[in-house]
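Close look at the chain arrangement
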Amino acid sequence: YYPASEKVFELANTEFYDRLYPVWRDDSLKVEIITELLEKFPQTQWRRTMYVYLTYSLHELERTTELQEALEVFRTSFPGDYLPFYLTARYFNEDDHELEIAASFAQKAFHMSSSYPKLNHYPPLEWELEERFAPVKTAAVLAEIQIKLQKHQDAIELLPRVIETN
């Protein structure tokens, strides 16, 4: 099979859940398994989902350096996608880490959230749900960061605009 084919996407999806389900509450094991899967499936777009779970587990384990490295690779691997920029902003915000940088990632994610490219092989309904929710969740994290940075007026202007259009 071709590494970026639909069949490999499906294989990665199946193996991901088959291997993670038994260890679902063990973030350390999830990090090991997902790291192996990312190496095994270097070209499938299922990696997008793998990075979501990897970064969550690294954050829960408070492995900050590894989290920042994983987020950087995620952003590099999916440069046209809002999600890695959103997650970077979200985790920086949750940790009160470099909020100005978090704000720039959140701003970028928000701008990208309304026009990012559809990835191949994702189920249409799943993609449509995410596509509709992306501007809302990116605006929420951006507004939260703006409030922490005492930029209240920016948050006040952003939120009603997003609510009206969604």
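The preceding data block contains the structure.
All values derive from a computational prediction rather than experimental measurement.

Definitions and cut-offs
Residues numbered from 1 in each chain as written. Predicted model: local features only at pLDDT ≥ 70, side-chain atom pairs only at ≥ 80, totals over all residues. Heavy atoms only, no water. Helix = DSSP H or I, 4+ residues; strand = E, 2+ residues; numbered from the N terminus. Rg over C-alpha atoms; globule rule 2.2 N^0.38 Å. Buried < 20%, exposed > 50% of the residue type's maximum accessible area, 1.4 Å probe, protein only. Contact = heavy atoms within 4.5 Å. Areas by Shrake-Rupley, 256 points an atom, 1.4 Å probe, with all protein chains shown as cover. Lys, Arg positive; Asp, Glu negative; His and termini not counted. Charge placed at Lys NZ, Arg CZ, Asp CG, Glu CD.

**Some remarks on the overall build of the protein chain**
- When helices and strands are counted, the protein chain shows 8 helices and 0 strands.
- Reading the helices (α) and strands (β) of the protein chain from amino to carboxyl end gives α-α-α-α-α-α-α-α.
- Taken against the 2.2 N^0.38 rule, which gives 15 Å for 166 residues, the C-alpha radius of gyration of the protein chain at 17 Å falls within 12% of a compact globule.
- Along the first, second and third principal axes, the C-alpha set of the protein chain runs to 50 × 35 × 25 Å.
- The buried share of the protein chain, reckoned over its 166 residues, is 45%.
- Sequence-distant contacts, at least 24 apart, represent 60% of the contacts inside the protein chain between residues at least 6 apart.
- Approximately 9,300 Å² of the protein chain is accessible, and the part contributed by carbon and sulfur atoms is 53%.
- Charge separation in the protein chain, taken as the distance between the mean sites of 17 positive and 28 negative side-chain charges, equals 3 Å.

**A word on the environment of Tyr-91**
- Mapped onto the elements, Tyr-91 comes out in helix α5 (residues 82-94).
- The class for Tyr-91 is buried, based on a relative accessible area of 2%.
- Residues Tyr-91 and His-59 lie 32 residues apart in sequence; the distance between their C-alpha atoms is 7.4 Å.
- With near-sequence residues (within four places) excluded, Tyr-91 lies in contact with Thr-55, Tyr-56, His-59, Leu-67 and Leu-71.

In short, shape yes, function no, at least from these values alone.
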